[in-house]
Amino acid sequence: MGSNQPIALEQKKNGSYWVWESGGVCYLIPKYSLKINQYNFETIQYIFECEGYSSNSQGFKLLKPAQVYSSDGGKKWQVSQLGILQFY
């Protein structure tokens, strides 16, 4: 964090995101059960633009998935374009 390097997400069996491919483009989609709070919000901002976030937010709506590409032989994903989350 704090550098200009893109964030790298490691592939995990029970992670917080799904990777979905369509038309040769890979998208990162947060699982519905993902809880965003003050502890993980900084990391989320490297993946999604966060509209209307506050510490009192009850949930979010995915407006646009993040675009990602595979690195390290498919074991990691890097964000190439931020997605958008809208909080309520």
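We now turn to the structure provided with this report. Just so it is clear, the structure is predicted and the values come from calculations on it, not from any experiment.

Structural notes on the packing of aromatic side chains
The relation between two aromatic rings is expressed through the spacing of the ring centres and the mutual angle of the planes.
Argument step 1. All chains considered together, the criterion is met by four aromatic pairs.
Argument step 2. Centre to centre, the rings of Trp20 and Tyr27 are 5.7 Å apart; their planes meet at 35°, and the pair counts as tilted.
Argument step 3. Residue class for Tyr27 comes out buried when judged on its relative accessible area of 18%.
Argument step 4. When the ring of Phe41 is compared with that of Tyr53, the centres are 3.9 Å apart and the planes differ by 10°; the resulting orientation is stacked. One end of the pair, Phe41, is in helix α1 (residues 41-44); the other, Tyr53, is in the loop between β4 (48-51) and β5 (60-64), with 12 residues separating them in the sequence.
Argument step 5. On the accessibility criterion, Tyr53 (23% relative accessible area) is partly exposed.
Argument step 6. Cluster of aromatic residues (ring-pair linked, three or more members): Phe41, Tyr53, Phe60 and Phe87.

Remarks on the pairing of strand β7 (residues 76-81)
Argument step 1. Across three bridges, the pairing between strand β1 (residues 8-10) and β7 is antiparallel. In the sheet register, Ala8 faces β7, and the bridge partner there is Gln78.
Argument step 2. Taken together, strand β6 (residues 66-71) and the strand that follows it, β7, pair antiparallel across an intervening segment of four residues, in which Asp72 is found at a positive phi of about 55°.

Regarding the sheet that holds β1
Argument step 1. An order of β1-β7-β6-β3-β2 is seen for the five strands of this open sheet, with the pairing classed as antiparallel. This sheet does not close on itself; its edge strands, each paired only once, are β1 and β2 (17-22). Direction aside, the axes of adjacent strands within the sheet are offset by 40° on average.
Argument step 2. For β6 and β7, the ladder comprises five bridges, and the chain directions are antiparallel.

Quick look at the environment of Cys50
Argument step 1. Relative to the helices and strands, Cys50 is located in strand β4.
Argument step 2. Classification of Cys50 as partly exposed rests on a relative accessible area of 21%.
Argument step 3. C-alpha separation for the pair Cys50 and Ile7, spaced 43 residues apart in sequence, amounts to 16 Å.
Argument step 4. Each residue touching Cys50, except ones within four places of it in the same chain, is listed here: Phe41, Ile44, Gln45, Leu85 and Phe87.

Points about the environment of Trp18
Argument step 1. Within the element layout of this structure, Trp18 appears in strand β2.
Argument step 2. When the C-alpha atoms of Trp18 and Leu63 are compared, they prove to be 15 Å apart, with 45 residues separating the residues in sequence.
Argument step 3. Excluding residues within four positions of it along the chain, Trp18 makes contact with Tyr27, Leu28, Ile29, Pro30, Lys31 and Tyr32.

Thresholds applied
- Residues numbered from 1 in each chain as written.
- Predicted model: local features only at pLDDT ≥ 70, side-chain atom pairs only at ≥ 80, totals over all residues.
- Heavy atoms only, no water.
- Phe/Tyr/Trp six-rings, centres within 6.5 Å; stacked < 30°, edge-to-face > 60°.
- Buried < 20%, exposed > 50% of the residue type's maximum accessible area, 1.4 Å probe, protein only.
- Helix = DSSP H or I, 4+ residues; strand = E, 2+ residues; numbered from the N terminus.
- Pairing = 2+ DSSP bridges.
- Axes fitted to C-alpha atoms, helices over the stretch in contact; angles between N-to-C directions.
- Contact = heavy atoms within 4.5 Å.

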